[in-house]
Amino acid sequence: MPTNDYSSSPSAGPEITLSGPDITDLEIEAVVRVLRSGRLSIGPMQEAFEALVSEAAGCDHGVAVSSGTCGLHLALLALGIGPGDEVITTPFSFVASANAILYVGATPKFVDICPRSLNMDPEKVERAIGPRTKAILAVEALGNPTHMDRYAAIAAKHEIHLVEDCCEALGTSYNGRKCGSFGRVGVFGFYPNKQITTGEGGMIVTDDPHLADMCRSLRNQGRPMPADPATTTAGATGLGVWLAHERLGYNYRLSEIACALGVAQMRRLDRIIDARRRVAVEYLNRLMDIPGIILPTIESGTSMSWFVFTVRLERGYTSEERDRVIQGLRNHDVGCAPYFPCIHLMPEYVRRFGYERGSFPIAESVSDRTIALPFHNHLTERDIDMVAQTLSLMLTRENLARG
Ligand SMILES: *Cc1c(COP(=O)(O)O)cnc(C)c1O
């Protein structure tokens, strides 16, 4: 099973991998059918995939793109966010969520997180809003949707946009509302470690038909959307609109091959999520009695689809100790990773904005002590038991080393 981890290098030997896609013959057949059809881009699979994901997110429109990162880029562009604008976001996320803000020339304004939900503290979000703030870019960190309704209310009150980076939350709902539908626009990602995968891929979801059309135009080289004058002019002259480029666009399209894989995955979404829940519950039961670790807190009203399974070492453990525990687990062929290193401390952000340790102490403290454990649908009870025993052993070793 390949490792699909952003941050660890592949190790030798049989490994309980950090992640692994849930691919069956149905997916393989779907991809082969597309290859045999001869239609490899912009076709029925894209349309079907967009319909399935937007429905699962409780939104009217879906726009398939070549990655979650591209989706975030287009979402911000389509909202007209650019140089001089500020976007409030979290330092505790995968780097792509803040990078998208830099792509459009806007400035990320980080706010610290809540130590339980690991999402932005809503009060700090509201306090951070200033005259240049155009949007809140909120992330369901590690798939946890807590506070999404609060961010939506704050955005509405201050008449700014809520962009939902729901890349880690496909199939999750919060107080009866599906993730993806909290913001003006939401973005999913389908890298192989996510709930479903297209190899690489992403999806923008929204209820706003104009915003969806704008994203479709931007993903496809700026080709006209229905509201553009070129659409009607070209139609009138019969020249077609294919080489009319209304605006600066990109090639962020997702191939029919990838979309077919996505369709097959979406048709099994409920089963895939049930399997992830089973693994998560198994972990919760198995890890409950291990001293020194904090398990994920899932608020009532949350139906989790489980992106990853993380544990946090208790306060008092240092990042060096956490790193030794990770190294020890890896030495025992247990794939794991420090999800997430804080974005504001990454070199590009330090260079641009001069952040330092202490800028966002809660995010830093959580980030220093968190470990993502192997998490995918192929894990057996024996695997989980192995992970738990090895983790327990590594913690005991750390405690003994302290004397
Ligand atoms: C996975 C992920 C993305 C983007 O993913 P891609 O690899 O570009 O598809 C963005 N934000 C978060 C929080 C993610 O976890």
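Quick caveat: nothing in here was measured; it's all calculated off a predicted structure.

### Remarks on the environment of Gln-265
Item 1. Relative to the elements of secondary structure, Gln-265 occurs in helix α9 (residues 256-267).
Item 2. Between the C-alpha atom of Gln-265 and that of Asp-22, which follows or precedes it by 243 residues, the distance is 8.3 Å.
Item 3. Non-local contacts of Gln-265, meaning those with residues more than four positions away in its chain, are made with Asp-22, Ile-23, Glu-27, Ile-196, Thr-197 and Ile-272.
Item 4. There is a polar contact of 2.9 Å between the side chain of Gln-265 and the backbone nitrogen of Thr-197.

### Structural notes on the packing of helix α10 (residues 269-287) against helix α14 (residues 381-402)
Item 1. The N-to-C vectors of α10 and α14 enclose an angle of 40°; their axes lie 10 Å apart at closest approach. Classified by the angle their axes make, α10 and α14 are oblique. For the pair α10 and α14, the crossing hand works out as right-handed. Taken together, the residues of α14 that come into contact with α10 (itself represented by Val-279, Glu-282, Tyr-283, Arg-286 and Leu-287) are Glu-381, Ile-384, Asp-385, Val-387, Ala-388, Gln-389 and Leu-391.
Item 2. The residue makeup of the contact of α10 with α14, split by class, is seven nonpolar, one polar and four charged.

### Here's the deal with the pairing of strand β3 (residues 107-110)
Item 1. In β3, alternate side chains face the same way, and those of Pro-108 and Phe-110 are buried while those of Thr-107 and Lys-109 on the opposite face are not.
Item 2. Summarising the sheet, strand β2 (residues 86-89) and β3 pair through four bridges and their orientation is parallel. Bridge pairing in β3 places Val-87 opposite Pro-108.

### Here we look at the site of the ligand
Item 1. As a structural note, the neighbourhood of the ligand is formed by 14 residues, with Gly-68, Thr-69, Asp-165, Glu-168 and Lys-194 the closest of them.
Item 2. The contact in question runs from an oxygen atom of the ligand to an N or O atom on the side chain of Lys-194, over 2.7 Å.
Item 3. In the complex, 96% of the free accessible area of the ligand, which totals 390 Å², lies under the protein chains.

### Re the sheet that holds strand β13 (residues 370-373)
Item 1. Strand order in the open sheet formed by three strands is β10-β12-β13, and the pairing between neighbours is antiparallel. Here the strands that pair on one side only, and so sit at the sheet edges, are β10 (293-294) and β13.
Item 2. Relative to strand β12 (residues 309-313), β10 is paired through two bridges, and the arrangement is antiparallel. Looking at β12, one finds that Ile-294 is bridged to Arg-312.
Item 3. In this fold helix α13 (residues 361-369) packs onto β10, β12 and β13, with an angle of close to 45° to the strand it touches most, β13.

### Considering the domain arrangement of the chain
Quite often, the size of an interface is put as the accessible area lost when its parts meet.
Item 1. Segmenting the chain into domains produces domain 1 (25-267) and domain 2 (269-402).
Item 2. Look at where the C-alpha atoms of domain 1 and domain 2 centre, and you get two points 27 Å apart.
Item 3. The partner domain 2 presents 35 residues to the 43 residues of domain 1 that form the contact.
Item 4. Roughly 3300 Å² of surface becomes buried between domain 1 and domain 2 when both sides are summed, with 61% attributable to carbon and sulfur atoms.

### What to know about the pairing of β13
Item 1. Side chains of β13 alternate between two faces, with Thr-370 and Ala-372 and Ile-371 and Leu-373 buried alike.
Item 2. Of the strand pairs in this sheet, β12 and β13 are connected by four bridges, and their pairing is antiparallel. Bridge pairing in β13 places Val-311 opposite Ile-371.

### Comments concerning the nonpolar core
Item 1. Counting 39 residues, the largest nonpolar core has Phe-49, Val-53, Ile-136 and Phe-188 as its most contacted members.
Item 2. Elements represented by at least two residues in this core include exactly α2 (44-56), α5 (122-128), β4 (133-139), α6 (148-157), β9 (202-206), α9 and α10.
Item 3. It is α6 that contributes the most residues to this core, five residues altogether.
Item 4. Looking at which domains feed residues into this core, each of domain 1 (25-267) and domain 2 (269-402) gives three or more.
Item 5. Once residues lying within four places of it in the same chain are set aside, the contact partners of Phe-188 are Val-53, Ala-57, Gly-68, Cys-166, Cys-167, Ala-169, Leu-170, Cys-179, Gly-180, Gly-202, Met-203 and Val-205.
Item 6. Counting 30 residues, the second largest nonpolar core, distinct from the first, contains Val-87, Ala-100, Ala-135 and Val-185.

### Focus on the pattern of salt bridges
Item 1. Under the definition given, this model contains 19 salt bridges.
Item 2. The partner of Arg-184 in a salt bridge is Asp-208, with the nearest N and O atoms 2.5 Å apart. Highlighted residues: Arg-184 in the loop between β7 (177-178) and β8 (185-189) and Asp-208 in the loop between β9 and α7 (209-219), separated in sequence by 24 residues.
Item 3. Residues participating in the shared-partner salt-bridge network are Glu-50, Asp-213, Arg-216 and Arg-219.

### Things to note about helix α3 (residues 68-78)
Item 1. Among the 11 residues of α3, nine are classified as buried, and the element is accordingly described as predominantly covered.
Item 2. Of all the residues in α3, the buried ones are Gly-68, Cys-70, Gly-71, Leu-72, His-73, Leu-74, Ala-75, Leu-76 and Ala-78.
Item 3. Looking at where α3 begins, the residue whose side-chain oxygen comes 3.3 Å from the main-chain nitrogen of Thr-69 is Ser-67.
Item 4. Once α3 ends, the next one or two residues include Gly-80, with phi positive near 75°.

### Concerning the packing of aromatic side chains
Item 1. Tallied over the full model, the rule gives 15 aromatic pairs.
Item 2. Residues Tyr-349 and Phe-353 carry aromatic rings whose centres are separated by 6.2 Å and whose planes lie at 35° to one another, so their mutual orientation is tilted. Placement of both Tyr-349 and Phe-353 in helix α12 (residues 347-353) is noted, with a separation of four residues, approximately one turn of the helix.
Item 3. Between the aromatic rings of Phe-353 and Tyr-355, the centroid separation amounts to 6.0 Å while the plane-to-plane angle is 50°, which identifies the pairing as tilted.
Item 4. Judged by its relative accessible area of 30%, Phe-353 is partly exposed.
Item 5. Taken together, the ring pairs in this structure connect Phe-110, Tyr-349, Phe-353, Tyr-355 and Phe-360 into an aromatic cluster.
Item 6. Lying across the ring of Tyr-317, Arg-402 places its NZ or CZ 4.6 Å from the centre.

Criteria and thresholds
- Residues numbered from 1 in each chain as written.
- Predicted model: local features only at pLDDT ≥ 70, side-chain atom pairs only at ≥ 80, totals over all residues.
- Heavy atoms only, no water.
- Helix = DSSP H or I, 4+ residues; strand = E, 2+ residues; numbered from the N terminus.
- Contact = heavy atoms within 4.5 Å.
- Polar contact = N/O pair within 3.5 Å; in protein donor to acceptor, adjacent residues only side chain to side chain.
- Axes fitted to C-alpha atoms, helices over the stretch in contact; angles between N-to-C directions.
- Parallel < 35°, antiparallel > 145°, perpendicular 65-115°, else oblique.
- Left-handed = near helix turned anticlockwise from the far one by under 90°.
- Nonpolar A, V, L, I, M, F, W, Y, C, P; charged D, E, K, R; others polar.
- Buried < 20%, exposed > 50% of the residue type's maximum accessible area, 1.4 Å probe, protein only.
- Pairing = 2+ DSSP bridges.
- Near = heavy atom within 4 Å.
- Areas by Shrake-Rupley, 256 points an atom, 1.4 Å probe, with all protein chains shown as cover.
- Domains from an automatic or database assignment.
- Buried area = accessible area lost by both parts, 1.4 Å probe.
- Core = buried A, V, L, I, M, F, W, Y, C linked by side-chain atoms within 4.5 Å.
- Salt bridge = Lys/Arg side-chain N within 4 Å of Asp/Glu carboxyl O.
- Phe/Tyr/Trp six-rings, centres within 6.5 Å; stacked < 30°, edge-to-face > 60°.
- Lys NZ or Arg CZ within 6 Å of the ring centre and 35° of its normal.

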